[in-house]
Amino acid sequence: MATKAHLLQITRELRRYVEWQAKSGALGAPEAPVEEREAWQSRQKVRDDARMATMRAALVDEKPRQVAPPSQPARPITAASGEAPHRPETPVYERSAAPRAVDKADEAMPAPAPQMPATVAQDENALWKQLGSQSRRTFEPIEEPAVPRTPSRPAAAVRGAAMSAPEKLDFLKNYLANCQRCALHQGRTNVVFGAGSAVARLMFIGEGPSSQDDKLGEPFVGESGELLNRMIVAMGFKREEVYLTNMVKCRPLENRNPGSDEIQQCSTYLIKQIEAIDPEIIVTLGQSAAQTLLQSDEDLGQLRGRWYQWRLTPLMATYHPESLLRNESLKRAAWSDLQLVMARLAAK
Ligand code: URA
């Protein structure tokens, strides 16, 4: 157990050590001559370019390109301009990285490294141990459990984390282009992925593409799509400001409703779409979309007109425009559902 006197003595010795460092010029680097600084900076630039090329290559799965040394030396920074410190600050992306091996160029830097007096070093280590911390001087390696490495695709993971909503949607759309998860792929002309803004506040989810949608590769382009467009405009949006998609992305033949297995197979893509867009409100159109997203077997008549949450996103279920075309009397109820949506959006 360290006594108070012992701790005071260590503090005094440490203070003396710091004063000694300051006096001997070990604290703060002395100003180097201009030519030396320029040479150092131009070496630094070559290293930085090489590091950036490696990072870029990792992000796009390319082999790092060989970076040629700059033909011009780096722009000189004079002491008078005060534009940059003698040793440029470590770039942010490197700060938390493990200390890298000193390379030749660094070795060339005049960097006097006076030794800490042995007694102080020992006592400091003892102090850290006493405090229950690992010695700051010895950096003893911490034994880590040998976790078998899962085969991973780090570059893809980095890309995923850094992707914007439109990039995520593009990625999904390309991924889906050859999907053969369910039998619906056999009858499709086009995968009908979705349409509208990738950063939409409002997302409409219908059931499945019609034959016209299938031909054009765009959802809600037929007669029911025109009615939906009018509903969207009445809500104060343009079609391209909201996002439209369906439970299934391929047309069910003979205009039948998609089967539960087909919905199930396609739900991964729908979930990824919702996650990418992260809308403020989801509106489901028709019974099958409402029942699937709400995991309910109640009729749409019971489900509509009330707020639910899909994960944390508010969800409103309403009638499908096709039903409204067939049964005009449902329009009033559908409009009152959409008014609830508008009020909620306005309140945000
Ligand atoms: N068109 C679509 O895109 N979805 C539907 O549910 C109906 C027609």
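The coordinates are above.
Let me sum up the structure you'll find in this document. Given the structure is predicted, the values throughout are model-derived calculations rather than measurements. (Residues numbered from 1 in each chain as written. Predicted model: local features only at pLDDT ≥ 70, side-chain atom pairs only at ≥ 80, totals over all residues. Heavy atoms only, no water.)

**Looking at the overall build of the chain**
- Helix and strand content of the chain: 14 helices and 6 strands.
- Each of the 348 residues in the chain was classed as buried or not, and the buried ones make up 36%.
- In the chain, the proportion of contacts linking residues at least 24 apart, taken out of those at least 6 apart, comes to 68%.
- Total accessible area computed for the chain in this model is approximately 21900 Å², and 54% of it derives from carbon and sulfur atoms. (Helix = DSSP H or I, 4+ residues; strand = E, 2+ residues; numbered from the N terminus. Buried < 20%, exposed > 50% of the residue type's maximum accessible area, 1.4 Å probe, protein only. Contact = heavy atoms within 4.5 Å. Areas by Shrake-Rupley, 256 points an atom, 1.4 Å probe, with all protein chains shown as cover.)

**Brief notes about the site of the ligand**
- The environment of the ligand is formed by G206, E207, G208, S210, D213, P219, F220, S224, N246 and H320.
- For the ligand, an oxygen atom lies 2.8 Å from a polar atom in the backbone of E207.
- In the model, a nitrogen atom of the ligand is placed 2.7 Å from a nitrogen or oxygen of the N246 side chain.
- Within the complex, 96% of the 230 Å² of free accessible area of the ligand lies under protein.
- Residues of the shell around the ligand, tallied by class, amount to 2 nonpolar, 6 polar and 2 charged. (Near = heavy atom within 4 Å. Polar contact = N/O pair within 3.5 Å; in protein donor to acceptor, adjacent residues only side chain to side chain. Nonpolar A, V, L, I, M, F, W, Y, C, P; charged D, E, K, R; others polar.)

**Description of the environment of Q180**
- Following the sequence through the fold, Q180 ends up in the loop between α7 (165-176) and β1 (195-196).
- Sequence separation between Q180 and Q265 is 85 residues; the distance between their C-alpha atoms is 9.8 Å.

**Some remarks on the pairing of strand β4 (residues 281-285)**
- Along β4, 5 of the 5 residues are buried, which leaves the element largely enclosed by surrounding structure.
- Judged by which residues are buried, β4 turns out to be covered on both faces: I281, V283 and L285 on one side and I282 and T284 on the other are all buried.
- One ladder, built from 4 bridges, connects strand β2 (residues 202-206) with β4; its direction is parallel. Within β4, the residue paired with M203 across the bridge is I282.
- Here β4 pairs with strand β6 (residues 313-318) via 4 bridges, running parallel. Directly across from T284, in β6, lies its bridge partner A317. (Pairing = 2+ DSSP bridges.)

Function-wise, these values are silent; they only describe arrangement.
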